[in-house]
Amino acid sequence: MTVMDTPVLIVGGSLVGLSTALFLTHQGVRCTVVERQPHRSVQFRFGGIHARTMELYRSVGIEDDIRAAGTDNEQSGGVARVRNLADPEPQWMTLPWDGDAPLLSPTSFCMCPQDRLEPVLARHARRRGAEICFDTELRSFLQDDEGVTAVLVDRADGTERTIRTQYLVAADGVHGEIRTELGIDRHGLGVLEHWMSIIFRSDLASQLAGRDFRTVFLAEPNGSLVPRADGVWQLAVTYRPAGGQRAQDFAVGHFTEQRCLELIRTATARPDLEATIVDVMPWQAASYTAERFRHGRVFLVGDAAHVMPPTGAFGGNTGIHDAHNLAWKLAAVLSGAAGPELLDTYQAERKPVVERITTEALLRLGSWFRTDRPGMPSGTPVNEHTVMFGYQYRPGAGTFVDPRSRPAPVGTRAPHVPLDRDGKQVSTLDLLGSGFTLFAGPAGRPWCQAAHRVATAAGIRFDCHRLSEGDSECATAFGITPDGAVLIRPDGFIAWRSTSTPDDTEATLHEVLSRLLRRAPQGDFLTVGELPAICHERGHDQ
Ligand SMILES: Cc1cc2nc3c(=O)[nH]c(=O)nc-3n(C[C@H](O)[C@H](O)[C@H](O)COP(=O)(O)OP(=O)(O)OC[C@H]3O[C@@H](n4cnc5c(N)ncnc54)[C@H](O)[C@@H]3O)c2cc1C
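Cut-offs used in this document
- Residues numbered from 1 in each chain as written.
- Predicted model: local features only at pLDDT ≥ 70, side-chain atom pairs only at ≥ 80, totals over all residues.
- Heavy atoms only, no water.
- UniProt positions renumbered as here; feature names shortened; annotations may be inferred.
- Pairing = 2+ DSSP bridges.
- Helix = DSSP H or I, 4+ residues; strand = E, 2+ residues; numbered from the N terminus.
- Right-handed = clockwise from strand over helix to strand, strands pointing away.
- 1 Å grid on protein atoms, 1.4 Å probe; cavity = no way out; pocket = protein on both sides within 12 Å on 5 of 7 lines; lining within 4 Å.
- Points joined across faces, edges and corners; volume = space filled by probe spheres on them.
- Nonpolar A, V, L, I, M, F, W, Y, C, P; charged D, E, K, R; others polar.
- Contact = heavy atoms within 4.5 Å.
- Axes fitted to C-alpha atoms, helices over the stretch in contact; angles between N-to-C directions.
- Near = heavy atom within 4 Å.
- Polar contact = N/O pair within 3.5 Å; in protein donor to acceptor, adjacent residues only side chain to side chain.
- Areas by Shrake-Rupley, 256 points an atom, 1.4 Å probe, with all protein chains shown as cover.
- Parallel < 35°, antiparallel > 145°, perpendicular 65-115°, else oblique.
- Left-handed = near helix turned anticlockwise from the far one by under 90°.

Under the annotation held in an unreviewed UniProt entry, the chain carries the name FAD-binding protein and is attributed to Nonomuraea phyllanthi. Heading Cofactor (unreviewed entry) of the UniProt record for the chain holds this comment: "FAD".

Here is the structure:
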């Protein structure tokens, strides 16, 4: 048995686990990822990367590689509701990622299925120092005041090794055992529907008749049809297990190759269609949120913390946003720049937002698939951009704010504004570093001077940008007065705003940072009872 050390152990090397590794290594934190599976599945779950998530990947320099791996070309068409694929009059639906996106972000939605995205994430995380071990399983773990001891098993040869880590991130998915091991319950509507996803290869050119679909919602059978790359399609259909039968057992017995072929032929309205079944995978549309996202030194991220129906394509995106929220906090605490209480803000910020986003996924499930179950929320869904760009971190409340609001409120994502720099257009988001960023007004030189001194003293990275008189659009978007300033957190959220220059800018910034990082000004940590609000506004009410 060998003993090794890693600052952070991530259990689950799928979408969210690998994203956590990427964001942590970007922050300079070494980590180890263990994934039970020896290789990736051909099944497609996560596919649609929202523009906000692309911003996160862009901030760590991998946007181009993701686009190169994506399938935007193969799936450039529209979304339609049809009876079956022969329906001559598809009801075209508005693409959720259309419209305002180009104004809101320097990047855009990308279709990149999980099986193509994960190798990109793994490659970049490894290049930055993450150790990623496939075919390796977490067998058990035990935490104490100083860290976590984890027993890992190499599934190829059965050897065990013990890792000592300071923090454990559970990215082990909806069926992960870490949450149950910790005794953390979850609440929600539970399993709402059973689905079978059938991956098949066939030539559907004659049925498509030149029409370009990205997703087709079908009435016959009740489900959806999605083109994947290279002539591969995914048909997803709902099913009801017979009374008293386990859904999995029912699915295995019911979805024979012949039955799958029949369903494909019904969906395409081609009784003689030739198709090769590549894979089948049962899954459930479910809604759960863990009661807690943290237990001591263990953090739940992604589907381990929350599950929502895929309607809206929010689940995986939300998990990646969890990872991004947690990574800079772990980095700040591990480096000693922040007090450990900063880690409490992970749950305080993410859980209310996750619950609000889950409601949005349920509203879409109800209206798109006419799902009607007791407890389903009612109302009109808010648009996708508000869900993904507009959530606001406020203690205890999952709130959406229109991402076009000016000025962007404290607690929301810093807005994208194109700026002219040396004759080139850059986005404000591209000016954000991996640490804190301060934008000051044209008369805000004292802010920038103070920021450098505070950063040096605190041992943190601090980028400072002073706006020019011509940057009025940016000043309006960020709410920056001529001698005011706005502080952006390492995850790109507005942490604090001042509408004037105080007498002692250095002392002010020092105090603000101390509070944000949960340190007392003298370096003593604040106690939990003294925790200030997560984000602060100075100068006017928010
Ligand atoms: C049909 C469908 C379509 C979807 N489409 C979208 C979409 O377009 N956009 C979107 O945002 N979301 C989508 N989702 C949701 C999205 O797929 C999930 O939210 C996302 O995959 C969750 O990722 P994860 O990394 O948290 O969990 P998972 O992908 O479930 O990964 C967990 C990993 O942990 C590993 N693991 C578990 N226990 C251990 C252990 N003890 N030791 C080692 N490894 C372990 C597992 O092997 C697994 O690989 C969709 C879901 C479905 C079902």
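**Q** What's the story with the pairing of strand β24 (residues 462-466) in this structure? I'm lost.
**A** Regular strands show a simple pattern: their side chains alternate between the two faces of the sheet. Where strand β23 (residues 436-440) lies against β24, five bridges are found, and the strand directions are parallel. In the strand pairing of β24, Thr-437 is matched with Asp-463. Handedness of the β23-helix α13 (residues 445-458)-β24 crossover: right-handed.

**Q** Can you walk me through the layout of surface pockets in this structure?
**A** Gaps left between atoms are located by rolling a probe of water-molecule size over the structure's atoms. Within this model, the second largest pocket holds a volume of roughly 330 Å³. Lining of the second largest pocket is provided by 21 residues; of these, Glu-55, Ser-59, His-324, Gly-433 and Pro-490 occupy positions nearest its centre. Taken together, the elements giving at least two residues each to the lining of the second largest pocket come down to α1 (15-26), α2 (51-59) and α10 (315-334). No other element matches the five residues that α2 contributes to the lining of the second largest pocket. When grouped by side-chain class, the residues that make up the lining of the second largest pocket number eight nonpolar, seven polar and six charged.

**Q** Would you take a moment to explain the sheet that holds strand β13 (residues 223-227) for this structure?
**A** Pairing between the strands of a sheet is mediated by backbone hydrogen bonds and can be parallel or antiparallel. One open sheet holds the eight strands; their spatial order is β5-β4-β12-β13-β14-β11-β15-β18, and the pairing between them is mixed. Since the sheet does not close on itself, it has two edges, and those belong to β5 (91-93) and β18 (306-307), each with one partner. Alignment of strand β11 (residues 186-201) against strand β15 (residues 276-290), held across 13 bridges, turns out to be antiparallel. Looking at the pairing, Val-191 lines up with Ala-286 of β15. Its contacts with the sheet put helix α9 (residues 257-268) on β11, β12 (213-218), β14 (232-239) and β15, and the angle it makes with β15 is roughly 85°. Contacting β4 (78-82), β5, β11, β12, β15 and β18, helix α11 (residues 344-368) crosses the sheet at an angle of about 125° to β15.

**Q** Sorry, what's going on with the site of the ligand here?
**A** As a matter of local geometry, the ligand sits amid 30 residues, with Ser-14, Glu-35, Arg-45, Asp-303 and Asn-317 nearest to it. Interatomic distance of 3.2 Å between a backbone N/O atom of Gly-47 and an oxygen atom of the ligand. Taking Asn-317, its main chain carries an N or O atom lying 2.8 Å from an oxygen atom of the ligand. Out of a free accessible area of 1,000 Å², the ligand has 89% covered by protein chains. Elements with a minimum of two residues in the shell around the ligand: α1, β8 (136-143) and α10. For the shell around the ligand, the class distribution of residues is 11 nonpolar, 12 polar and seven charged.

**Q** Sorry, what's going on with the packing of α10 against α11 here?
**A** Packing of α10 against α11 leaves a shortest axis separation of 10 Å and a crossing angle of 170°. As summarised for this structure, α10 and α11 are arranged roughly antiparallel, according to the angle between their axes. Between α10 and α11 lies a crossing of right-handed hand. Contacts between α10 and α11 involve Thr-318, His-321, Asp-322, Asn-325, Leu-326 and Lys-329 from the first element and Thr-345, Tyr-346, Glu-349, Arg-350, Val-354 and Ile-357 from the second.

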